[in-house]
Amino acid sequence: MIHILLIGSGGREHAFAQALAKSPNCKQLYIMPGNAGTSQHGINVSIDVNQFHLVGQFCLDNQISLLVVGPEDPLVKGLRDFFMADPKLAGIAFVGPDKAGAQMEGSKDWSKKFMQKYGIPTAAYQTFTQNTLEEGLAYLENHSLPIVLKADGLAAGKGVLICHSVEEAQAELKEMIAAQKFGSASEKVVVEEFLQGIELSVFVLCDGKNYVLLPSAKDYKRIGEGDTGLNTGGMGAISPVPFANAAFLQKVETQIVSKTLAGLQAEGIHYVGFIFVGLMNVNGEPKVIEYNSRMGDPETEVVLPRIQNDMVELMMAAGTGKLNEVKIEIDERTAVTVMLVSKGYPEVFERGKVMSGMDSVVGSTLFHAGTKLSEAGELLSNGGRVMAITSLGSNIQEALNLSLQNAERISYENKYYRKDIGFEFL
Ligand code: AMP
Ligand code: GLY
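These notes cover the structure that comes with them.

So, how was this worked out
Residues numbered from 1 in each chain as written. Chains lettered and ligands numbered in written order. Predicted model: local features only at pLDDT ≥ 70, side-chain atom pairs only at ≥ 80, totals over all residues. Heavy atoms only, no water. Near = heavy atom within 4 Å. Polar contact = N/O pair within 3.5 Å; in protein donor to acceptor, adjacent residues only side chain to side chain. Areas by Shrake-Rupley, 256 points an atom, 1.4 Å probe, with all protein chains shown as cover. Helix = DSSP H or I, 4+ residues; strand = E, 2+ residues; numbered from the N terminus. Nonpolar A, V, L, I, M, F, W, Y, C, P; charged D, E, K, R; others polar. Expected span 1.5 Å × (residues − 1). Bend = angle between axes of the 7 residues up to and from the residue. Buried < 20%, exposed > 50% of the residue type's maximum accessible area, 1.4 Å probe, protein only. 1 Å grid on protein atoms, 1.4 Å probe; cavity = no way out; pocket = protein on both sides within 12 Å on 5 of 7 lines; lining within 4 Å. Points joined across faces, edges and corners; volume = space filled by probe spheres on them. Pairing = 2+ DSSP bridges. Axes fitted to C-alpha atoms, helices over the stretch in contact; angles between N-to-C directions. Contact = heavy atoms within 4.5 Å. Salt bridge = Lys/Arg side-chain N within 4 Å of Asp/Glu carboxyl O.

So, the site of ligand 1
- If you check the shell around ligand 1, you find 13 residues, and the closest are E192, E193, L195, E199 and E290.
- E192 is positioned such that a nitrogen or oxygen atom in its side chain is 2.7 Å from a nitrogen atom of ligand 1.
- L195 is positioned such that a nitrogen or oxygen atom in its backbone is 2.8 Å from a nitrogen atom of ligand 1.
- With the chains in place, 87% of the 470 Å² that ligand 1 exposes on its own is no longer accessible.
- Elements that contribute at least two residues to the shell around ligand 1 include exactly β7 (147-151), β9 (189-193) and β16 (285-292).
- Residues belonging to the shell around ligand 1 are distributed by class as follows: six nonpolar, no polar and seven charged.

Below, the structure written as structure tokens:
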């Protein structure tokens, strides 16, 4: 029976909070900062995660023996490094990579170089900076269309541009590098070949030496049905992905996952935590689009409900180098999650709408993404993405139907959601 700290505040963290709290090994769960949903499973703590010394002191004061980090930001900034450098904190089982490992997500240039060095299939690329801008503009002249431009650093999910003409790409490259369109994140820009295919994600949990493969998932990023309109953080997800059969996943494991882990070890990076591998299935061949140093959101809301292992045991095994003792048990059913969002999202959106009907939901699990409790105890919307509704079924249609029925039962002003999650497989 242990005390656990979970960092983050979205639907992903609500899914982790639920899974951790239901383990008989969890004595007390704290979520920093959490949301209204996570407070059903533990105590929300309002400490600024960027104040590493305050996080450390909280862990000491509350006998934390397991720390699980949801979002990338504190990892890229070095939260793990801070803990490992302090003898009083280094003994805490910490699930999340150090600064060096988080470069997988924090620098696209670094991850492209890494993939090239270790022979991991990915799109061809070149990186340009202020000093090589003229070369970059010339390089674009002969590039096949469309052209993918990626800001090197973290750009809140907005740093990837797909340009359909050389002129557009040249103008954008100048904007990104010379005019710092994404601030310092676009001081370096990766110019990359466009990959044609269907995207999916696989998730790997690592303990520094061993790894386990978690279920595959696919998210639906566009705001509109039929994958139209602006990109969002994710409007829904499915797991498993129908075409990710055993043969395809075998290719992912041998050509990508094991080479990635071997590469990290060769680089001297002791990677503890999740690797989210964003893939394109190009005519049956998996190629890496990106790495993230965390789980996806809303992918977590379909992946965790299918994992039958005790989540505290699984996280402890990852945090203490014992994943070789673990076998992942997966529910064979299909999970679908549908995200309820606020009017205006992903641009300026509404907040503070009173929510009702959660008690009438039957057969689905609700994961709060952006909610809070008012002083009077009412549940209020408090984010662009408000609540994920996850259902299990014998196929996508069955799980989707259940989530959609329950989406109707939840009310708040100007509720919006996509009704076509998983559409290309129906
Ligand atoms: P990212 O921010 O790296 O997740 O990229 C955002 C989205 O851009 C991805 O989910 C893909 O849909 C798309 N994308 C990124 N790189 C490529 C590529 N090389 N070819 C085609 N689409 C891409
Ligand atoms: N749903 C995509 C992500 O978490 O990056």
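Focus on the site of ligand 2
- Close contacts around ligand 2 come from D219, G233, F276, R294, G296, D297, P298 and E299, and that covers them all.
- Between ligand 2 and the protein, one listed contact pairs a nitrogen atom with a side-chain N or O atom of E299 at 2.9 Å.
- When the residues that make up the shell around ligand 2 are grouped by side-chain class, the tally is two nonpolar, two polar and four charged.

Some details on helix α9 (residues 246-266)
- Between its first and last C-alpha, α9 extends 28 Å over 21 residues, near the 30 Å set by a 1.5 Å rise per residue.
- For α9, the principal kink sits at E253 and spans about 40°.
- Where α9 is concerned, the buried positions are F248, V252, I256, V257, T260, L261, G263 and L264.

Description of the layout of surface pockets
- Here the second largest pocket is characterised by a volume of approximately 310 Å³.
- Around the second largest pocket, the lining is made up of 18 residues, and of these Q18, K22, L304, P305 and I307 lie nearest the centre.
- When residues of the lining of the second largest pocket are traced back to their parent elements, those giving at least two are α1 (11-21), β18 (365-368) and β21 (385-393).
- In terms of residue class, the lining of the second largest pocket is made up of eight nonpolar, eight polar and two charged.

Regarding unusual backbone geometry
- Across the junction of S239 and P240, the peptide omega takes the value 0°, indicating a cis bond.
- Of note, the bond from Y345 into P346 is cis; its omega dihedral lies within 30 degrees of zero at 10°.
- By secondary structure assignment, the location of P346 is in the loop between β17 (334-341) and β18.
- The phi angle at Q63 is positive, at roughly 50°, despite the residue not being glycine.
- Positionally, Q63 belongs in the loop between α2 (52-61) and β4 (64-69).

Quick word on empty space enclosed by the protein
- This structure, assessed with the given rule, holds one cavity of 30 Å³ or more.
- Estimates place the volume of the largest cavity at around 50 Å³.
- Lining the largest cavity, in full, are M104, E105, K108, S111, K112, M115, K150, E192, I289, E290 and Y291.
- Among the elements of the structure, α5 (99-106), α6 (108-117) and β16 are those that each provide at least two residues to the lining of the largest cavity.
- If you tally residues by element for the lining of the largest cavity, the top one is α6, at four residues.

Brief notes about the sheet that holds β7
- Read across the open sheet, the four strands follow the order β6-β9-β7-β8; overall the sheet is antiparallel. Two strands lie at the open edges of the sheet, namely β6 (125-128) and β8 (160-163), each paired on one side alone. Between one strand axis and the next, the sheet turns by 20° as a mean value, whatever way the strands run.
- With four bridges connecting them, β7 and β8 associate as antiparallel partners. Each residue of the ladder has a partner; that of K150, found in β8, is V160.
- Packing of α6 onto the sheet brings it into contact with β6, β7, β8 and β9, and relative to β6 it is tilted by some 145°.
- Of the strands in this sheet, β6, β7, β8 and β9 touch helix α8 (residues 166-177), which is tilted by about 5° from β7.

Things to note about the pattern of salt bridges
- Going through the model one piece at a time under the given rule, you end up with 20 salt bridges.
- For K353, the salt bridge identified is with E350, shortest N-O distance 3.9 Å.
- Through salt bridges with shared partners, one network takes in E72, E105 and R294.

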